Amino acid sequence: MIDNRVLFDQAMNMSRAAAERGDWYTAVEAATQATSICPDDMSARSDLAVALYHTAHYARAIEVLEELHTQHPDDLITLAYLTRAYEGNGDADKAVAALIKLGDLAVAQEMLQ
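In this text the structure is predicted, and so the values were computed from the model without any measurement.

(A) Geometry of the packing of aromatic side chains. Applying the stated criterion across every chain, the model contains two aromatic pairs. Taking 5.4 Å as the distance between ring centres and 75° as the angle between the ring planes, the aromatic pair formed by Tyr53 and Tyr81 counts as edge-to-face. Highlighted residues: Tyr53 in helix 3 (residues 42-54) and Tyr81 in helix 5 (residues 76-88), separated in sequence by 28 residues. The exposure class of Tyr53 is buried, given its relative accessible area of 12%. Among the residues examined, Tyr81 registers a relative accessible area of 24% and is labelled partly exposed. Taken together, the ring pairs in this structure connect Tyr53, Tyr58 and Tyr81 into an aromatic cluster.

Here it is as structure tokens:
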């Protein structure tokens, strides 16, 4: 029997290869499989959120991105995608608020370097 780690790695590799080709629907399927195997893996959840964003499934992308942002509030990439997902979902107020937060966070991180 194949170990879950092997299945997870295969799903992640498939998701990333599909994303590199711009095949976002396949990336969603593979990332969904990876998150079903390891639901707490941040990398799998991030890949899923990005693929959902690129397939215009903004509401679901927002759900995943908000969870990731809560767990990792200093991650600029997550916040940038969350900003764009809010925009894509037509929620201008949340998009603007997230963009301001993104700018503030980027400046703060630059000042720490």
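Past the structure itself, the notes keep going.
(B) Expanded view of unusual backbone geometry. The residue Ala56 is not glycine, and still its phi comes out positive at about 65°. Note on Ala56: relative accessible area 45%, which makes it partly exposed.

(C) Expanded view of helix 3. In this model helix 3 runs 18 Å from its N-terminal to its C-terminal C-alpha over 13 residues, within 8% of the 18 Å that 1.5 Å per residue would give. Helix 3 sits mainly inside the fold: ten of its 13 residues count as buried. Those residues of helix 3 not exposed but buried are Ala44, Arg45, Ser46, Asp47, Leu48, Ala49, Val50, Ala51, Leu52 and Tyr53. Looking at the buried residues of helix 3, the elements they touch are helix 1 (4-21), helix 2 (24-37), helix 4 (58-71) and helix 5. Capping of helix 3 at its N-terminal end is provided by Asp41; its side-chain oxygen lies 3.1 Å from the backbone amide nitrogen of Ser43. Immediately beyond the C-terminal end of helix 3, within one or two residues, lies Ala56, with a positive phi of roughly 65°.

So, how was this worked out
Residues numbered from 1 in each chain as written. Predicted model: local features only at pLDDT ≥ 70, side-chain atom pairs only at ≥ 80, totals over all residues. Heavy atoms only, no water. Phe/Tyr/Trp six-rings, centres within 6.5 Å; stacked < 30°, edge-to-face > 60°. Helix = DSSP H or I, 4+ residues; strand = E, 2+ residues; numbered from the N terminus. Buried < 20%, exposed > 50% of the residue type's maximum accessible area, 1.4 Å probe, protein only. Expected span 1.5 Å × (residues − 1). Contact = heavy atoms within 4.5 Å. Polar contact = N/O pair within 3.5 Å; in protein donor to acceptor, adjacent residues only side chain to side chain.

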